[in-house]
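The primary structure of each chain is shown beneath.
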Amino acid sequence: MHLIWENVIKNLILLWTGEFKGLDVGLEDYELGESVWNAVCQAGANSGSFIPSAYGARPPNPATERSMCTADSWSFWTQYLGPVLLHRKFSKPKYYKHFVKLVHMVRVCLQFELSTTDISDLRTGFATWVEEFEVIYYQNNPKRLSACPITIHALLHIADSIEEAGPVWTSWAFPMERFCGRMQPAITSRRHPDACMARYIVEHAQLTQAALVHGFTQELTLQPSRLGAIAGHFKHESYPSCILLPPRRTTQLKSATLSRIFKALATRFDVSLAVVRQHVKEASIEQWGKVRRLDGGDTMLAAGLVSRQHDSRDATFVRYETLVDKFSRQRHMPPTYEKQTFYGRLQHIFVVHTPCTPALKVDSPTTIFLAALSTCKLDSTPSSLNALDIHFYSSLSDALDVVDIVCLQCLVGRVPIDGGRQWAIIDRSGSLARAVFEDS
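A. Summary view of the overall build of the chain. Helix and strand counts for the chain come out as 11 helices and 11 strands. Considered along the principal axes of its C-alpha atoms, the chain spans approximately 85 × 60 × 45 Å. Within the chain, buried positions represent 42% of all 440 residues. A separation of at least 24 residues holds for 67% of the contacts in the chain among residues at least 6 apart in sequence. With an accessible surface of roughly 24100 Å², the chain has 53% of that area assigned to carbon and sulfur atoms. Seen as two clouds, the 46 positive and the 43 negative side-chain charges of the chain have centres 7 Å apart.

B. A look at a nonpolar patch on the surface. Residues Met 176, Phe 179 and Ile 201 make up a contiguous nonpolar surface patch of roughly 280 Å² in combined accessible area. Inspection of the secondary structure assignment puts Ile 201 in helix α9 (residues 193-214). Overall, Ile 201 belongs to the partly exposed group, its relative accessible area being 42%.

C. View of the pattern of salt bridges. If you walk through the whole model with that rule in mind, you get 16 salt bridges. The partner of Lys 10 in a salt bridge is Glu 6, with the nearest N and O atoms 2.6 Å apart. Highlighted residues: Lys 10 and Glu 6, both in helix α1 (residues 2-16), separated by 4 residues, approximately one helical turn. Among the residues examined, Lys 10 registers a relative accessible area of 29% and is labelled partly exposed.

D. Region of interest: the side chain of Thr 375. In this fold, Thr 375 is placed in strand β6 (residues 366-379). By relative accessible area, which is 14% here, Thr 375 ends up buried. Among the polar contacts listed, one links the side chain of Thr 375 to the side chain of Tyr 320, at a separation of 2.8 Å. Apart from the residues lying within four places of it in its own chain, the contact partners of Thr 375 are Tyr 320, Phe 342, Tyr 343, Gly 344, Ser 395, Leu 396, Ser 397 and Asp 401.

E. Spatial organisation of the layout of surface pockets. Here the second largest pocket is characterised by a volume of approximately 730 Å³. Residue lining of the second largest pocket: 21 residues in total, with Thr 267, Thr 322, Leu 323, Val 402 and Val 403 positioned closest to the centre. The set of elements that each furnish at least two residues to the lining of the second largest pocket consists of α10 (255-269), β4 (317-325), β5 (337-354), β6 and β8 (401-404). Take the lining of the second largest pocket: its biggest share by element is 6 residues, from α10.

F. Quick peek at helix α4 (residues 93-109). The first and last C-alpha atoms of α4 sit 25 Å apart over 17 residues, in line with the 24 Å expected at 1.5 Å per residue. By the criterion of burial, α4 is predominantly enclosed, with 12 of the 17 residues buried. Along α4, the residues that are buried comprise Tyr 95, Tyr 96, His 98, Phe 99, Val 100, Leu 102, Val 103, Met 105, Val 106, Arg 107, Val 108 and Cys 109.

G. Representation of the packing of aromatic side chains in the model. Using the criterion set out here, one finds 20 aromatic pairs in the structure. With 6.3 Å between their ring centres and 85 degrees between their planes, Tyr 30 and Tyr 95 make a pair best called edge-to-face. Pair noted here: Tyr 30 is in the loop between α1 and α2 (34-46) and Tyr 95 is in helix α4, with a separation of 65 residues, a long-range link. One exposure class covers both Tyr 30 and Tyr 95, and it is buried. Put simply, the rings of Trp 16, Tyr 30, Trp 37, Trp 74, Trp 77, Phe 90, Tyr 95, Phe 99, Trp 129, Phe 133 and Tyr 137 touch in pairs and so form one group of aromatic residues. Lying across the ring of Phe 317, Arg 414 places its NZ or CZ 3.8 Å from the centre.

H. Fine view of unusual backbone geometry. The linkage connecting Pro 246 with the following residue, Pro 247, adopts the cis geometry, with an omega of 15 degrees. Positive phi, normally seen in glycine, also occurs at Lys 21, with a value near 50 degrees. Counting through the fold element by element, Lys 21 comes out in the loop between α1 and α2. A relative accessible area of 55% places Lys 21 in the exposed class. With a phi angle near 55 degrees, Asn 140 is a residue other than glycine that sits in the positive phi range. Take Asn 140: it is sitting in the loop between α5 (116-138) and α6 (150-154). Looking at Asn 140, the relative accessible area reads 63%, which means it is exposed.

I. Just α9, in detail. Compared with the 32 Å implied by 1.5 Å per residue over 22 residues, the 32 Å span of α9 between its first and last C-alpha is a close match. Phi turns positive one or two residues past the end of α9, at Gly 215, with a value near 70 degrees.

J. Main features of the pairing of strand β7 (residues 391-396). Summarising the sheet, β6 and β7 pair through 4 bridges and their orientation is antiparallel. Across the sheet, Cys 376 pairs through a bridge with Leu 396, a residue of β7. Two elements, β7 and strand β11 (residues 422-426), share 3 bridges in a ladder whose sense is antiparallel. When the bridges of β11 are listed, Tyr 393 appears paired with Trp 423.

Reading the values: rules and limits
Residues numbered from 1 in each chain as written. Predicted model: local features only at pLDDT ≥ 70, side-chain atom pairs only at ≥ 80, totals over all residues. Heavy atoms only, no water. Helix = DSSP H or I, 4+ residues; strand = E, 2+ residues; numbered from the N terminus. Buried < 20%, exposed > 50% of the residue type's maximum accessible area, 1.4 Å probe, protein only. Contact = heavy atoms within 4.5 Å. Areas by Shrake-Rupley, 256 points an atom, 1.4 Å probe, with all protein chains shown as cover. Lys, Arg positive; Asp, Glu negative; His and termini not counted. Charge placed at Lys NZ, Arg CZ, Asp CG, Glu CD. Patch = residues over 30% accessible without salt bridge, like charges linked within 9 Å, V, L, I, M, F, W, Y side chains within 5 Å. Salt bridge = Lys/Arg side-chain N within 4 Å of Asp/Glu carboxyl O. Polar contact = N/O pair within 3.5 Å; in protein donor to acceptor, adjacent residues only side chain to side chain. 1 Å grid on protein atoms, 1.4 Å probe; cavity = no way out; pocket = protein on both sides within 12 Å on 5 of 7 lines; lining within 4 Å. Points joined across faces, edges and corners; volume = space filled by probe spheres on them. Expected span 1.5 Å × (residues − 1). Phe/Tyr/Trp six-rings, centres within 6.5 Å; stacked < 30°, edge-to-face > 60°. Lys NZ or Arg CZ within 6 Å of the ring centre and 35° of its normal. Pairing = 2+ DSSP bridges.

Any functional reading would require information that these geometric values do not contain.
Shown next, in the form of structure tokens:
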């Protein structure tokens, strides 16, 4: 994928900023003004505070920190920041649509699995994209031949490469670059670098094999495990997929919040709200600051309990799924539930301890984890971005949506638009493959 991140994307940006091999725009008008491009880059860098650290390093500013832009950061910028920040920035929509087409095809390439239909669509799509590239940037003018480097032609072979070698994640260069980064500190002699590297490889292989044979992989890890128990955490057998992390509070709740909790419990137990109010006491409700999905999931923070530092990155916005009655507005229709996806800010995490209570249809002590969220009121998505599954919102709902904590799926990032009057939601979950670096 370095063909895309380190070549095609960089060349497109050079064309948009008028810095590509001395070429002007010719018969087109695709260049961005210097002030426009600087504003786009600065907005991307500023969005780092609203993108969780689980997504990677803070996005650098491509205009002033280009040397800090790695293939991974170009990948993130291309897939998430570029389509949002470049919207309506070009003089003609066709330049933006041409870029979005490339992003969509790149996302297809990054899927963990591809069907024969996907590969066929990629073959046709890249051919069409290259033809449009030639019309916009080459303009059938031999004097502009430098606008068509071999990396543009290489796009035509991506579908064939996937057919021969499998999805791009099976052969991309990220693991090799990671290995080279680990090798670099092992070179302690300028005169004999080969001997240093050979010794490191042999010793590392010996340790790895010894750990596998004798079963002491964990003992050889010098860093503390990030998957181990955390002081003060709370885990319950009813929720094997997550753990709760401190801080923990038992302070008095606002009446509106308490009412929302009771309504959620009434729905869960299938009893009246009055019965819940009678048998569930406020003293049995705890608040927790964080929830972590196990098996590599995200750590999500409750905004109502965890204070945010000036240099921290927001980890309170999440994607969650819940069942919604399609006929909720039609009282005479039997309920028919369907799963829907929502985005919102995690405000509170509650733990409700309920003793054996026949009136609640609870025949044994029960512990329930609840999440209270302010749901994002989604705006309409521009038609050009429908294929990228990017959503926008301008405000949050006033009433809290209280759901079971298993409904929480993952963290999402946000990109402010127009000074925060609107926000774009970045959701990296799904079928896309991405490089994840873990120490062995």
